[in-house]
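Fold and contact review
What follows is each chain in one-letter form.
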Amino acid sequence: MDVTEKTSRSLVIEGIDLRLLFGQNDVFLRIIEAHIPTTIIARGDSIVVEGSPREVGQTIRLLNDFVTRIKQGDFLTDQYVNYAISMVQENGFGPADHISTEALLTNSLKKVIKPRTIGQTNYVDAVDKNDLVFAIGPAGTGKTYLAVAMAVAELKAKKVNRVVFTRPAVEAGESLGFLPGDIRAKVDPYLRPVYDALYDMMQPDKIRKLLELGVIEIAPLAFMRGRTLNESFVVLDEAQNTSSAQMKMFLTRIGEGSRGVITGDITQIDLDDRRSSGLVKVQKILKGIDGIKFIYLTEKDVIRHRLVRDIIKAYDRHENPRRNK
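Residues numbered from 1 in each chain as written. Predicted model: local features only at pLDDT ≥ 70, side-chain atom pairs only at ≥ 80, totals over all residues. Heavy atoms only, no water.

**Describing the layout of surface pockets**
- Quantified by volume, the largest pocket comes out at close to 860 Å³.
- Forming the boundary of the largest pocket are 35 residues, of which Arg116, Gln120, Gly142, Tyr145 and Ile303 lie nearest the centre.
- Counting only elements with at least two residues in the lining of the largest pocket, the list comes to helix H4 (78-91), strand S5 (112-113), helix H6 (143-156), helix H7 (183-201) and strand S10 (259-264).
- When residues of the lining of the largest pocket are assigned to their parent elements, the largest contribution, four residues, is made by H6. (1 Å grid on protein atoms, 1.4 Å probe; cavity = no way out; pocket = protein on both sides within 12 Å on 5 of 7 lines; lining within 4 Å. Points joined across faces, edges and corners; volume = space filled by probe spheres on them. Helix = DSSP H or I, 4+ residues; strand = E, 2+ residues; numbered from the N terminus.)

In structure tokens form, the structure reads like this:
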């Protein structure tokens with residue numbers, strides 16, 4: 001008869017309120033037990049974990065990670081708990097010690113904006129150390145939001161004189177011709193995610209003023225042709241929908257004292273010929289150039305609803321059956 005070895009270990013918790021560690025109605029402990037088959041018992045200021053030696057060890061490392069996260073000043077969330085579980089199971093360590101605790105800025109609702117995963121931390125660090133950064137990854141990984149946050153932070157710190165956000169206006173099943181208004185009104189829906197992020201970080205009247213002064217510019221990619229952008233923080237969003245010529249045009253707009261961030265998801269290319277994507281080609285063309293960094297985010301960096309990560313993985317399995325065998 002195969003008898004699985006069982007063990008138990010205790011963890012003494014000091015310096016934090018256990019309610020922050022357990023969550024409302026012990027929800028975080030229940031999430032752990034659902035993913036790692038252990039039994040977690042709270043006894044005063046200590047926690048006893050019972051199960052197989054391997055799984056008990058994982059749970060102890062996970063709880064220590066939660067304690068570190070709380071002591072860093074962050075509240076645990078379902079998203080973080082699930083992320084930490086996947087990190088411990090796959091890599092043997094939790095993410096708390098590897099995620100930046102430095103705030104990028106405080107938004108209009110007094111909420112601190114900072115990286116929430118290791119991948120996002122690598123992204124922010126890359127922008128800090130390089131003049132040109134490509135952030136490539138699936139929806140929900142914070143590519144656009146963090147780019148806007150970093151741009152606003154640089155502007156507030158007077159490290160740049162203006163910020164420019166741009167996107168290609170590619171028809172993803174919709175027709176520009178049927179949208180009302182002039183060309184700017186027609187392309188504004190494509191730029192809405194940038195507006196949404198911006199309005200989450202600054203007061204509306206402040207944004208309107210900076211837009212009027214040209215300190216903040218939000219425009220379709222076609223409006224970038226023939227320009228030189230000096231002392232600017234420039235963001236190209238949805239770059240997977242650029243042609244190779246458009247990508248080259250954008251990259252050669254960046255002038256003295258400027259920095260560029262290019263974001264995109266190569267699984268969501270809306271071009272007729274996916275192989276013609278400028279974001280796909282640029283990875284080979286600019287590989288190894290000093291001052292240019294490519295950051296690859298994955299479904300582990302998704303910070304939307306917990307189901308988004310599962311949806312991305314499900315589509316990946318469907319679209320790449322050979323790779324996932």
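**Section: the side chain of Asp74**
- Tracing the backbone through its elements, the reader meets Asp74 in the loop between helix H3 (53-71) and H4.
- Side chain to side chain, Asp74 and Lys114 meet in a polar contact 3.3 Å long.
- Other than its neighbours up to four places away in sequence, Asp74 contacts Arg69 and Lys114. (Polar contact = N/O pair within 3.5 Å; in protein donor to acceptor, adjacent residues only side chain to side chain. Contact = heavy atoms within 4.5 Å.)

**A word on the sheet that holds strand S3 (residues 46-51)**
- Judged by pairing direction, the sheet is antiparallel, and its three strands sit side by side in the order S1-S3-S2 without closing on themselves. At either end of the open sheet lies a strand with only one pairing partner, and these are strand S1 (7-12) and strand S2 (39-43). Taking the axes of each pair of neighbouring strands and ignoring which way they run, one obtains an average angle of 20° across the sheet.
- Direction of pairing for S1 relative to S3: antiparallel, over a ladder of six bridges. Across the sheet, residue Arg9 finds its bridge partner in S3, namely Val49. (Pairing = 2+ DSSP bridges. Axes fitted to C-alpha atoms, helices over the stretch in contact; angles between N-to-C directions.)

**Considerations on helix H10 (residues 278-285)**
- Along H10, the residues classified as buried are Gly278, Leu279, Val282 and Gln283. What you see down the axis of H10 is that its buried residues fit within an arc of 140°, all on one side. Facing away from the buried side of H10, by more than 90 degrees, are the exposed residues Lys284 and Ile285.
- For H10, the elements touching its buried residues are strand S6 (132-136), helix H9 (244-251), S10 and strand S11 (292-296). (Buried < 20%, exposed > 50% of the residue type's maximum accessible area, 1.4 Å probe, protein only. Arc of directions from axis to C-beta.)

**A look at the sheet that holds strand S9 (residues 232-236)**
- Overall, parallel pairing links the six strands, which are arranged S8-S7-S9-S10-S6-S11 in an open sheet. Lying at the two open borders of the sheet, with one neighbouring strand each, are strand S8 (216-220) and S11. Here the strands of the sheet are splayed against their neighbours by 15° on average, with no regard to which way each runs.
- Pairing between S6 and S11: five bridges, direction parallel. The residue bridging Phe134 from the neighbouring strand is Phe294, located in S11.
- Packing of helix H5 (residues 118-129) onto the sheet brings it into contact with S6, S9, S10 and S11, and relative to S10 it is tilted by some 150°.

**Considering the nonpolar core**
- In terms of nonpolar packing, the biggest core is built from 35 residues, with Tyr123, Phe165, Leu198, Met201, Ile216 and Phe233 touching the most fellow members.
- Among the elements of the structure, H5, S6, H6, strand S7 (162-167), H7, helix H8 (204-213), S8 and S9 are those that each provide at least two residues to this core.
- Element by element, the count of residues in this core is highest for H6, at eight residues.
- Apart from residues no more than four positions distant in its own chain, Ile216 is found in contact with Leu155, Val163, Phe165, Leu198, Met202, Leu210 and Leu211. (Core = buried A, V, L, I, M, F, W, Y, C linked by side-chain atoms within 4.5 Å.)

**Some words on the packing of aromatic side chains**
- Applying the stated criterion across every chain, the model contains two aromatic pairs.
- A centroid spacing of 4.5 Å and a plane angle of 15° characterise the contact between Phe134 and Phe294, whose relative ring orientation is stacked. One end of the pair, Phe134, is in strand S6; the other, Phe294, is in strand S11, with 160 residues separating them in the sequence. For the pair Phe134 and Phe294, a shared accessibility class is recorded, and that class is buried. (Phe/Tyr/Trp six-rings, centres within 6.5 Å; stacked < 30°, edge-to-face > 60°.)

**A few points about the pattern of salt bridges**
- Evaluation of the coordinates by the stated rule reveals eleven salt bridges.
- Among the ionic pairs, Arg19 bridges to Asp17, the shortest N-O distance being 2.7 Å.
- Asp17 sits in the partly exposed class, given a relative accessible area of 31%.
- In this structure, Arg227 engages Glu217 in a salt bridge whose closest nitrogen and oxygen atoms are separated by 2.7 Å. Of this pair, Arg227 sits in the loop between S8 and S9 while Glu217 sits in strand S8, and the two are ten residues apart along the sequence.
- Salt bridges sharing common partners tie together Asp26, Arg30 and Glu33. (Salt bridge = Lys/Arg side-chain N within 4 Å of Asp/Glu carboxyl O.)

**Comments concerning the environment of Arg30**
- Its place among the elements puts Arg30 in helix H2 (residues 27-35).
- The spatial distance from the C-alpha of Arg30 to the C-alpha of Ile40 is 8.7 Å, given a sequence separation of ten residues.

**Points about the packing of H9 against H10**
- Between H9 and H10, the least distance of the axes is 8 Å, while the angle of their chain directions is 65°. When you trace H9 past H10, the crossing you get is right-handed. Touching Ser244, Met247 and Leu251 of H9 are Gly278, Leu279, Lys281 and Val282, all from H10.
- Split by residue class, the contact of H9 with H10 holds four nonpolar, two polar and one charged. (Left-handed = near helix turned anticlockwise from the far one by under 90°. Nonpolar A, V, L, I, M, F, W, Y, C, P; charged D, E, K, R; others polar.)

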